[in-house]
Amino acid sequence: MCSSRKILWSLLLLSVVEVGLGVASIVLGAVGISWVRGEHTLQQGDASPVWSGLCFLLCGMCGVLCARKRTGLIMILFSACCICGLIAGILNFQFVRALNKRPNSMQSIHLAAMTLACLGISTCTLSTWLTCRLASSEQQRMFMEREHSLHHSHEMTEKEVLDNSSNGIPQVSYNGHTSASP
């Protein structure tokens, strides 16, 4: 089983990759839009790399935040962003694939956009899985801390009971039974 530290570093690395994919997808989408405007009017899927890039970028930034602060709410936020990035990547791939079937000069941009979408989908999927692993690891850590704390408080309670039962008279213990010493 992976340690929490390995999961965190993997999550941080995937989040940085996700930020890079988001920026690359936004830039590629902006270049594609500028080329399309020169040739014909914008179609439904021309801006989809920009939107999926924004989702990938947001997902990556939330992942970096999640790697730094491992609270339950941030893990839930990051998982939700990963799912949104996954959906945006799938929609981007479908829209660009539909555009790629039409004959035009933008085949290479469409292929690059579909490649970035596939990479973004993969990193979102892996990030979601790692977040679940991290949440499980954090839950086990918190359980162990609570268990240790309860055990410690139980020991302290037993000590207080023994101290209070003596009423200032030293107690001697024989086979687990306490009696006042003469």
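Just so it is clear, the structure is predicted and the values come from calculations on it, not from any experiment.

Trainee: What's the story with the overall build of the protein chain in this structure? I'm lost.
Mentor: The helix and strand tally for the protein chain stands at four helices and two strands. Beginning at the N terminus, the succession of helices and strands in the protein chain can be written as α-α-α-α-β-β. Of all 182 residues assigned to the protein chain, the portion counted as buried reaches 34%. Within the protein chain, contacts between residues at least 6 apart in sequence are counted, and of these 72% link residues at least 24 apart. Here the protein chain displays about 11500 Å² of accessible surface, and carbon together with sulfur accounts for 67% of that area.

Trainee: Hey, could you run me through the side chain of Thr 131 in this one?
Mentor: Looking at the secondary structure, you find Thr 131 in helix H4 (residues 107-166). If we skip the residues at most four places from it in the chain, Thr 131 touches Leu 11, Met 75, Phe 78 and Ser 79.

Trainee: Would you mind going over the packing of helix H1 (residues 4-39) against helix H2 (residues 48-68) with me for this structure?
Mentor: Describing two packed helices takes the angle between their axes plus the distance from one axis to the other. Direction vectors running N to C along H1 and H2 enclose 160°, while the axes themselves pass 7 Å from each other. Overall, the two elements H1 and H2 adopt an arrangement that is roughly antiparallel. Crossing geometry of H1 relative to H2 is assigned as left-handed. Class assignment of the residues belonging to the contact of H1 with H2 gives a composition of 18 nonpolar, eight polar and one charged.

Trainee: Could you clarify how one ought to interpret the environment of Ala 47 in this entry?
Mentor: For Ala 47, the location among the structural elements is in the loop between H1 and H2. In this structure the C-alpha to C-alpha distance between Ala 47 and Val 96, which are 49 residues apart in sequence, comes to 9.3 Å.

Trainee: Would you take a moment to explain the packing of H2 against helix H3 (residues 72-100) for this structure?
Mentor: Running from amino to carboxyl end, H2 crosses H3 at an angle of 160°, the nearest separation of the two axes being 8 Å. Between H2 and H3, the angle falls in the class roughly antiparallel. As for the relative orientation of H2 and H3, their crossing is left-handed in sense. Of the residues assigned to the contact of H2 with H3, the class counts are 18 nonpolar, six polar and no charged.

Trainee: Could you clarify how one ought to interpret the nonpolar core in this entry?
Mentor: Note on soluble globular proteins: their nonpolar side chains tend to be buried together. Among the nonpolar cores identified, the biggest contains 17 residues, and Leu 11, Cys 59, Cys 66, Phe 78, Leu 130 and Leu 134 are the most heavily contacted of them. Among the secondary structure elements, those contributing two or more residues to this core are H1, H2, H3 and H4. The contacts of Cys 59, once residues within four sequence positions are left out, are Glu 18, Phe 78, Cys 81, Cys 82 and Cys 124.

Trainee: I tried to follow the state of the cysteines on my own but got confused; where do I start?
Mentor: Put plainly, two cysteines are in a disulfide when a covalent bond ties their sulfur atoms together. Inspection of the entire model under this criterion finds zero disulfides. Of all cysteine sulfurs, the one in Cys 81 lies closest to Cys 84, which takes part in no disulfide; the gap is 6.4 Å.

Trainee: Is there a simple way to explain the environment of Leu 111 in this structure?
Mentor: By the element assignment, Leu 111 lies in helix H4. The class of Leu 111 is exposed, set by a relative accessible area of 52%. Distance from Leu 111 to Asn 100, taken between C-alpha atoms, is 7.9 Å for residues 11 residues apart in sequence.

Trainee: Looking at this structure, how should I read the environment of Ala 117?
Mentor: Counting through the fold element by element, Ala 117 comes out in helix H4. Exposure remark for Ala 117: the relative accessible area of 1% places this residue in the buried category. Note: C-alpha distance between Ala 117 and Ala 88 (29 residues apart in sequence) is 8.5 Å. Not counting chain neighbours up to four residues away, the residues in contact with Ala 117 comprise Phe 56, Gly 89, Asn 92 and Phe 93.

Reading the values: the criteria
Residues numbered from 1 in each chain as written. Predicted model: local features only at pLDDT ≥ 70, side-chain atom pairs only at ≥ 80, totals over all residues. Heavy atoms only, no water. Helix = DSSP H or I, 4+ residues; strand = E, 2+ residues; numbered from the N terminus. Buried < 20%, exposed > 50% of the residue type's maximum accessible area, 1.4 Å probe, protein only. Contact = heavy atoms within 4.5 Å. Areas by Shrake-Rupley, 256 points an atom, 1.4 Å probe, with all protein chains shown as cover. Axes fitted to C-alpha atoms, helices over the stretch in contact; angles between N-to-C directions. Parallel < 35°, antiparallel > 145°, perpendicular 65-115°, else oblique. Left-handed = near helix turned anticlockwise from the far one by under 90°. Nonpolar A, V, L, I, M, F, W, Y, C, P; charged D, E, K, R; others polar. Core = buried A, V, L, I, M, F, W, Y, C linked by side-chain atoms within 4.5 Å. Disulfide = S-S within 2.5 Å.

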